Amino acid sequence: MTVQEADGWSVADAPVIVSLQNVDKYFGPVHVLNDVSLDVAQGEVVVVIGPSGSGKSTLCRAINRLEPIDSGQIIVNGQPLPEEGKQLALLRAEVGMVFQSFNLFAHKTILDNVTLGPRKVRKTPKADAEKEAMALLERVGIKDQAGKLPAQLSGGQQQRAAIARALAMHPKLMLFDEPTSALDPEMINEVLDVMVDLAKNNMTMIVVTHEMGFARRVADRVVFMSDGCLLEQATPEEFFTNPQTDRAKDFLAKILQH
């Protein structure tokens, strides 16, 4: 049962927030995204899994044009992805991104990191931005760290700050690119717990992760990629109990035996 179904609401009723249509991307001779098509509905949590080098992170980065694509089309919130300029900046403001490596500004406090986007892009008054930032930091459990620099925080705290920074822009879609892979094991759950909370509150999310427990628990849909191709997509129950392709069966056999 999905989070949405538990609340009496189904993804099938919702508008499409992001649509990838026959997307291709090459790095030199390597076909890293091979004719990828994927629709994600409002409020849906899509978890993208697959072996290293399968194109998962490139898919994530293409959605807000951190990686330009070679062909196909990406539509976000009903608008084709602009190539550059002000329109691209405006669209990126609608799409929150949380990276593997936090990407916080090292010389700014956590509070300043969270308020920078709303103040610069949305022109939110400083007092309003700080009030909301403190509420978000409380939501992710690090309100008491607001005055510190990133280097003074643990990895898990830094990643939660990065999530708060993305949420401060009121995104319509959140992208997570392996958000726990740089963390010590004991810090992983504190970040995943924040993401579970977001899912329960109907945030539209695309999550690239190796955390299979999270995928089973939170995803509405699991997407399996290999060699740049989207090979399977199914509910977590269907995917983990009855994968359809040999590649997916092999992948699951290797990661679930430990």
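Structure: above.
Reading the values: rules and limits
- Residues numbered from 1 in each chain as written.
- Predicted model: local features only at pLDDT ≥ 70, side-chain atom pairs only at ≥ 80, totals over all residues.
- Heavy atoms only, no water.
- Helix = DSSP H or I, 4+ residues; strand = E, 2+ residues; numbered from the N terminus.
- Rg over C-alpha atoms; globule rule 2.2 N^0.38 Å.
- Buried < 20%, exposed > 50% of the residue type's maximum accessible area, 1.4 Å probe, protein only.
- Phe/Tyr/Trp six-rings, centres within 6.5 Å; stacked < 30°, edge-to-face > 60°.
- Contact = heavy atoms within 4.5 Å.

So, on to the overall build of the protein chain. Counting secondary structure elements, the protein chain contains ten helices and ten strands. Taken over C-alpha atoms, the radius of gyration comes to 18 Å for the protein chain, in line with the 18 Å a tight globule of 258 residues would show. The C-alpha extent of the protein chain, read off along each of the three principal axes, is 55 × 40 × 40 Å. Taken across its 258 residues, the protein chain has 52% of its residues classed as buried.

What follows covers the packing of aromatic side chains. Within the structure shown, the criterion is met by three aromatic pairs. For the ring pair Phe 224 and Phe 251, a centre distance of 5.3 Å and an interplane angle of 50° mean the geometry is tilted. A residue pair is termed long-range when its members are at least 10 positions apart, and Phe 224 in strand β9 (residues 221-226) and Phe 251 in helix α10 (residues 246-256) qualify at 27 residues. Take Phe 224: its relative accessible area is 0%, and that puts it in the buried class. Three or more aromatic residues joined by ring pairs form one cluster here, namely Phe 224, Phe 239, Phe 240 and Phe 251.

To continue, consider helix α4 (residues 110-120). Among the residues making up α4, those that are buried are Ile 110, Leu 111, Asn 113, Val 114, Thr 115 and Pro 118. Here the buried face of α4 lies against α5 (126-139) and α6 (155-167).

Read these as geometric descriptors, not functional statements.
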